[in-house]
Amino acid sequence: MPNFTDPFPGIKETNPMNITDLIRALRLDLAAEEDAISLYSAHAESTTHSLAKKVLMSVADEERVHAGEFLKLIEILDPSEKAMLENGAAEVENFKEYSEKWKR
Ligand SMILES: [Fe+2]
């Protein structure tokens, strides 16, 4: 019988993942959401059918919400995640200041 992909065969409630493996699984889920956003957006941008375009962009936005849910869950399970993301955001802000300074 055909089945959808199970990336973690044998891991079920009776044999649960530890937190490290759960975080790794959630990163895979987050990546899948990002891939779906890209795919649906590309399809929307590739059609002139207005209903299909609207539905595809709406679904892409729903995937962005899902990505946010996975990211928040990772932050809860790994308290260092939020600090790392904030460090990355601060680095980008520094680059913005640097590029504004030398833009003139
Ligand atoms: Fe999703």
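Since this is a predicted model, take the numbers as computed values, not measurements.

Q: Looking at this structure, how should I read the overall build of the chain?
A: Tallying secondary structure elements over the chain gives three helices and zero strands in all. Each helix and strand of the chain, ordered N terminal to C terminal, gives the series α-α-α. By the compact-globule yardstick of 13 Å for 104 residues, the chain is too spread out, its C-alpha radius of gyration being 19 Å. Projected onto the principal axes, the alpha-carbon positions of the chain cover approximately 65 × 45 × 15 Å. The buried share of the chain, taken over its 104 residues, is 14%. Nonlocal contacts in the chain, meaning residues at least 24 apart in sequence, comprise 51% of its contacts between residues at least 6 apart. Here the chain has roughly 8500 Å² of accessible surface; of this, 60% comes from carbon and sulfur atoms. One finds the centroid of the 12 positive side-chain charges in the chain at a distance of 8 Å from the centroid of its 20 negative side-chain charges.

Q: What is the right way to look at the pattern of salt bridges in this model?
A: Inspection of the entire model under this criterion finds six salt bridges. Taking the shortest distance from any N to any O, the salt bridge between Lys12 and Asp6 comes out at 3.1 Å. Residue classification places Lys12 among the partly exposed residues on the basis of a relative accessible area of 48%. For Glu75, the salt bridge is made with Lys72, and the minimal N-O distance between the two is 3.9 Å. In this pair, Glu75 and Lys72 both sit in helix H2 (residues 50-77), three residues apart, roughly one turn of the helix. The exposure class assigned to Lys72 is partly exposed, which follows from its relative accessible area of 46%.

Q: Honestly, the coordination of the iron ion in this entry has me stumped. Any pointers?
A: Around a metal, the ideal angle is 109.5 degrees if four donors adopt a tetrahedral arrangement and 90 or 180 degrees if six donors adopt an octahedral arrangement. Around the iron ion, the protein contributes the donor atoms Glu33 (OE), Glu33 (OE), Glu63 (OE) and His66 (ND1), which lie 1.9 to 2.6 Å from the metal centre. The coordination sphere of the iron ion comprises four donor atoms, whose angles at the metal cover 52 to 124°; the geometry is irregular. Counting residues between consecutive donors of the iron ion along the chain gives the motif E-x29-E-x2-H. Of the two residues, Glu63 and His66 are both situated in helix H2; the distance of three residues between them amounts to about one turn of the helix.

Q: Please clarify how the packing of helix H1 (residues 19-45) against H2 should be interpreted in this entry.
A: Relative placement of two packed helices is described by the angle separating their axes and the distance separating the axes. Put simply, H1 and H2 touch, their axes get as near as 8 Å, and they point 160° apart. One element, H1, and the other, H2, form an angle in the roughly antiparallel class. Classified by chirality, the crossing of H2 by H1 is left-handed. The residue makeup of the contact of H1 with H2, split by class, is 19 nonpolar, three polar and eight charged.

Q: Got a minute to help me understand the nonpolar core in this structure?
A: Most often, soluble globular proteins keep nonpolar side chains buried together rather than apart. Ile23, Leu26, Leu30, Ala67 and Ile74 together form the largest nonpolar core, which totals five residues. The set of elements that each furnish at least two residues to this core consists of H1 and H2. With three residues, H1 is the largest single contributor of residues to this core. Sequence-distant contacts of Ile74, defined by excluding residues within four places in its chain, comprise Ile23, Leu26, Arg27, Leu30 and Glu81.

Rules and cut-offs
Residues numbered from 1 in each chain as written. Predicted model: local features only at pLDDT ≥ 70, side-chain atom pairs only at ≥ 80, totals over all residues. Heavy atoms only, no water. Helix = DSSP H or I, 4+ residues; strand = E, 2+ residues; numbered from the N terminus. Rg over C-alpha atoms; globule rule 2.2 N^0.38 Å. Buried < 20%, exposed > 50% of the residue type's maximum accessible area, 1.4 Å probe, protein only. Contact = heavy atoms within 4.5 Å. Areas by Shrake-Rupley, 256 points an atom, 1.4 Å probe, with all protein chains shown as cover. Lys, Arg positive; Asp, Glu negative; His and termini not counted. Charge placed at Lys NZ, Arg CZ, Asp CG, Glu CD. Salt bridge = Lys/Arg side-chain N within 4 Å of Asp/Glu carboxyl O. Donors = N, O, S within 2.8 Å, 3.2 Å for Na, K, Ca; no water. Tetrahedral: all angles 85-135°; square planar, octahedral: opposite > 155°, others 65-115°. Axes fitted to C-alpha atoms, helices over the stretch in contact; angles between N-to-C directions. Parallel < 35°, antiparallel > 145°, perpendicular 65-115°, else oblique. Left-handed = near helix turned anticlockwise from the far one by under 90°. Nonpolar A, V, L, I, M, F, W, Y, C, P; charged D, E, K, R; others polar. Core = buried A, V, L, I, M, F, W, Y, C linked by side-chain atoms within 4.5 Å.

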